Amino acid sequence: MSKATFSDRISTPDAAVSPAESRLIDWFARNRETALHASAAEIAAAAGTSDATVIRTARKLGFAGLADLRHALAEDLRRDLTLADRMASELAQPGNVPGLKTSAQALRASLDAIEALEDAVVSDIVRSIAAARRIHVFGIGPSGFIAGYLAAQLGRLGFDARTLSRTGLQFADDLVGIGTGDAVLALAYDRSYPEVRALFDRASRLNLRSLLISSNGPRLPDPRASILVRVPRGRTGGFGLHAGTLALLEGLLLAISAAEPDRTKAALGDLNAAREALFGVRHGIVKSSGAYCNGALGQAR
């Protein structure tokens, strides 16, 4: 069995941690390069805690001490290529047009992974979304734009959905909006960010249905999702691609519409009426059959 990485250990500590220790773990997650060289006293001062808490937290994470934690951290950083490194790796691939052949192969791998999803998993996802009081779609960085797209499309289909894409202390305002009967859908890959852990803390505490869409890499940002779907994001060591994730989400939108035809027809009819009131013309989002068609996905403005 491979040794747990630094990211693995801060995601799932072996022992219960105190608020001060949890704050220190968040500091480690955000300041990995600094932690690699800082002393226990420097880390304690930066994180607003004590030297003893630094050593105690390292041991609770399963390390022999701070030196052992630094060694695991160095291994993690060695594995994590920078975005510039990843792009350079893509452009170095053979082919007439740099990157395009690799991207096409990555998309095919993503579509294969989506097609391999069991019907029971897809049905579980659809039921969880359809039954939720509100759907919270989480994504930060580039994934935040995709999360916003999904939330907007769910809103068009008649579901109460919102995007969670803020970070730091502002994310606390997003967390308190998650309530009983809601569902969480998170787009998160590899690293365990404090926002990801806080999101699943909240979902677990409220016993909510949660879906994590992640990559097929060796690390998982949080293991507590009710449903886990892995979608390849490109070649290992290459630039992260999102086409597979988008294909999965649009497939889920179609599956949700097929499972809730009356609800989606009524919602899209309301959207048509609102557009007609604005512009005096019909935009044809709903066909006479009531089927979910090109307008909902194809006429986003």
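Bear in mind that the values here come from a model prediction, so they are computed numbers and not experimental data.

A.B. asks: What should I look at first to understand the pairing of strand S1 (residues 135-138) in this one?
C.D. replies: Two faces, one strand: in a regular strand the side chains alternate between the faces of the sheet. Side chains Ile 135 and Val 137 project from S1 onto one buried face, and the interleaved His 136 and Phe 138 project onto a second face that is buried too. A crossover links S1 with its parallel partner strand S2 (residues 161-164), the connecting element being helix H10 (residues 142-156), and its sense is right-handed. Examined bridge by bridge, S1 and strand S3 (residues 183-187) share 4 bridges and lie parallel to one another. Paired with His 136 across the two strands is Val 184, which belongs to S3.

A.B. asks: Is there a simple way to think about the environment of Asp 51 in this case?
C.D. replies: Tracing the sequence through the fold places Asp 51 in helix H5 (residues 51-60). Through-space distance from the C-alpha of Asp 51 to that of Ala 41 is 5.4 Å; in sequence the pair is 10 residues apart. Apart from the residues lying within four places of it in its own chain, the contact partners of Asp 51 are Ala 40, Ala 41 and Ala 44.

A.B. asks: Just to check I follow, could you spell out the packing of aromatic side chains for this structure?
C.D. replies: Geometry of an aromatic ring pair is reported as the spacing of the ring centres plus the angle between the planes. Under the counting rule described, the total for this entry stands at 2 aromatic pairs. Considering the side-chain rings of Trp 27 and Phe 28, the 5.8 Å spacing of their centres and the 70° angle between planes classify their relative orientation as edge-to-face. Measuring from centroid to centroid gives 5.7 Å for Phe 138 and Phe 171, while their planes differ by 65°, and the two rings are edge-to-face. Of this pair, Phe 138 sits in strand S1 while Phe 171 sits in helix H11 (residues 170-175), and the two are 33 residues apart along the sequence. According to the relative accessible area criterion, Phe 138 is buried, its value standing at 1%. On the accessibility criterion, Phe 171 (3% relative accessible area) is buried.

A.B. asks: What am I meant to see in the packing of helix H9 (residues 119-131) against helix H13 (residues 243-259) here?
C.D. replies: Each packed pair of helices is defined by two parameters, the angle between the axes and the distance between the axes. In the contact formed by H9 and H13, the axes pass within 10 Å of each other and the chain directions differ by 65°. It follows from the interaxial angle that H9 and H13 lie roughly perpendicular. Note that H9 runs across H13; the crossing there is right-handed. Facing H9, whose interface residues are Val 122, Ile 125, Val 126 and Ile 129, H13 presents Leu 252, Ala 255, Ile 256 and Ala 259. Here the contact of H9 with H13 is composed, by residue class, of 8 nonpolar, no polar and no charged.

The rules behind these values
- Residues numbered from 1 in each chain as written.
- Predicted model: local features only at pLDDT ≥ 70, side-chain atom pairs only at ≥ 80, totals over all residues.
- Heavy atoms only, no water.
- Buried < 20%, exposed > 50% of the residue type's maximum accessible area, 1.4 Å probe, protein only.
- Helix = DSSP H or I, 4+ residues; strand = E, 2+ residues; numbered from the N terminus.
- Right-handed = clockwise from strand over helix to strand, strands pointing away.
- Pairing = 2+ DSSP bridges.
- Contact = heavy atoms within 4.5 Å.
- Phe/Tyr/Trp six-rings, centres within 6.5 Å; stacked < 30°, edge-to-face > 60°.
- Axes fitted to C-alpha atoms, helices over the stretch in contact; angles between N-to-C directions.
- Parallel < 35°, antiparallel > 145°, perpendicular 65-115°, else oblique.
- Left-handed = near helix turned anticlockwise from the far one by under 90°.
- Nonpolar A, V, L, I, M, F, W, Y, C, P; charged D, E, K, R; others polar.

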